[in-house]
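Examining the three-dimensional arrangement
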Amino acid sequence: MIRACALSSLVALLFSGAEAFAERLVTPDMIVGDTIPAPLTDTASSTEIGETVFTERDQGHCVLCHQIDDLDAEFQGNVGPDLSTVGDRLSPAQIRFRLVDLQSLMPDTVMPSYYRLHDLNQVQEQFQGQTILNAEQIEHLVAYLASRTQD
Ligand code: HEC
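Rules used in this analysis
- Residues numbered from 1 in each chain as written.
- Predicted model: local features only at pLDDT ≥ 70, side-chain atom pairs only at ≥ 80, totals over all residues.
- Heavy atoms only, no water.
- Salt bridge = Lys/Arg side-chain N within 4 Å of Asp/Glu carboxyl O.
- Helix = DSSP H or I, 4+ residues; strand = E, 2+ residues; numbered from the N terminus.
- Buried < 20%, exposed > 50% of the residue type's maximum accessible area, 1.4 Å probe, protein only.
- Donors = N, O, S within 2.8 Å, 3.2 Å for Na, K, Ca; no water.
- Tetrahedral: all angles 85-135°; square planar, octahedral: opposite > 155°, others 65-115°.
- Axes fitted to C-alpha atoms, helices over the stretch in contact; angles between N-to-C directions.
- Parallel < 35°, antiparallel > 145°, perpendicular 65-115°, else oblique.
- Left-handed = near helix turned anticlockwise from the far one by under 90°.
- Contact = heavy atoms within 4.5 Å.
- Expected span 1.5 Å × (residues − 1).
- Polar contact = N/O pair within 3.5 Å; in protein donor to acceptor, adjacent residues only side chain to side chain.
- Patch = residues over 30% accessible without salt bridge, like charges linked within 9 Å, V, L, I, M, F, W, Y side chains within 5 Å.
- Areas by Shrake-Rupley, 256 points an atom, 1.4 Å probe, with all protein chains shown as cover.
- Lys, Arg positive; Asp, Glu negative; His and termini not counted.
- Charge placed at Lys NZ, Arg CZ, Asp CG, Glu CD.

What to know about the pattern of salt bridges
Within the structure shown, the criterion is met by 3 salt bridges. A salt bridge links Arg-98 to Asp-34; its shortest N-O distance comes to 2.6 Å. Of this pair, Arg-98 sits in helix α4 (residues 92-105) while Asp-34 sits in the loop between α1 (2-22) and α2 (47-55), and the two are 64 residues apart along the sequence. Measuring nitrogen to oxygen at the nearest pair gives 2.8 Å for the salt bridge that ties Glu-139 to Arg-96. Of this pair, Glu-139 sits in helix α5 (residues 135-146) while Arg-96 sits in helix α4, placing them 43 residues apart in sequence. On the accessibility criterion, Glu-139 (5% relative accessible area) is buried. Since its relative accessible area comes to 5%, Arg-96 is described here as buried.

Things to note about the coordination of the iron atom of the ligand
Coordination of the iron atom of the ligand by the protein involves His-66 (NE2) and Met-111 (SD), with metal-donor separations of 2.0 to 2.1 Å. For the iron atom of the ligand, the 6 donor atoms are set out with angles of 86 to 179° between them, so the coordination reads as octahedral. Taken together, the residues span a long stretch of sequence, with His-66 in the loop between α2 and α3 (86-89) and Met-111 in the loop between α4 and α5 at a distance of 45 residues. The same class applies to His-66 and to Met-111, which are both buried.

Focus: the packing of α4 against α5
Close contact between α4 and α5 brings their axes to 9 Å; oriented N to C, the two are set at 135°. Between α4 and α5, the interaxial angle falls into the category oblique. For the crossing formed where α4 meets α5, the hand is right-handed. Residue-level inspection shows Pro-92, Ile-95, Arg-96 and Leu-99 of α4 in contact with α5, the latter providing Ile-138, Glu-139, Leu-141, Val-142, Leu-145 and Ala-146.

Overview of α5
Taking 1.5 Å per residue as the helical rise, α5 with its 12 residues ought to reach 16 Å, and the 16 Å between its terminal C-alpha atoms agrees with that figure. Counting buried positions along α5 yields 10 of 12 residues, so the element is predominantly enclosed. When α5 is considered as a whole, its buried residues turn out to be Ala-135, Gln-137, Ile-138, Glu-139, His-140, Leu-141, Val-142, Ala-143, Tyr-144 and Leu-145. For α5, the capping residue at the N-terminal end is Asn-134, with a side-chain oxygen 3.1 Å from the backbone nitrogen of Glu-136.

Comments concerning a negative patch on the surface
On the surface, Glu-48, Glu-51, Asp-72 and Glu-74 cluster together to form a negatively charged patch. Along the chain, Asp-72 turns up in the loop between α2 and α3.

Take a look at the structure:
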């Protein structure tokens, strides 16, 4: 019983190691000013999936604080800025940086750092070593938000 348990946690450890390897965790050399120019994964990104990540409660749930015109969501918050035309204000590389770690730009922001591992407070043990969103989810969100322009 104990041995099976140890084995399964070893497998889980190897698996998470493999995942972290497939995703590029952000290192200082990837940051240029307030941008992260390179995608975090080579997987193709999709604006449609990005919209789902933005809306769904068990994914990004960004509608808790942000609003986007014409979005099919029951409730949208106004704690953060309206993102209906954020693609006109920010480049994809700037958007990526803000999703990864807005707190490094604005230490007092209430917006979580979605792809940061260090300095996270009050992380339950089962979630330690995990980012809030994975690299694919970040890239889908970048594609979706970059597509949000006036025309
Ligand atoms: C708890 C509230 C909250 C949540 C949840 C949240 N944000 Fe934010 N977000 C903010 C606030 C507030 C700001 C503005 C920065 C500030 O003043 O702190 C912001 C700023 C931004 C910006 C920069 C906008 C600009 O015009 O500069 C982007 C992009 C963004 N958020 C995207 C997202 C996405 C995508 C999600 C979901 C993965 C998300 N946010 C979740 C509160 C939130």
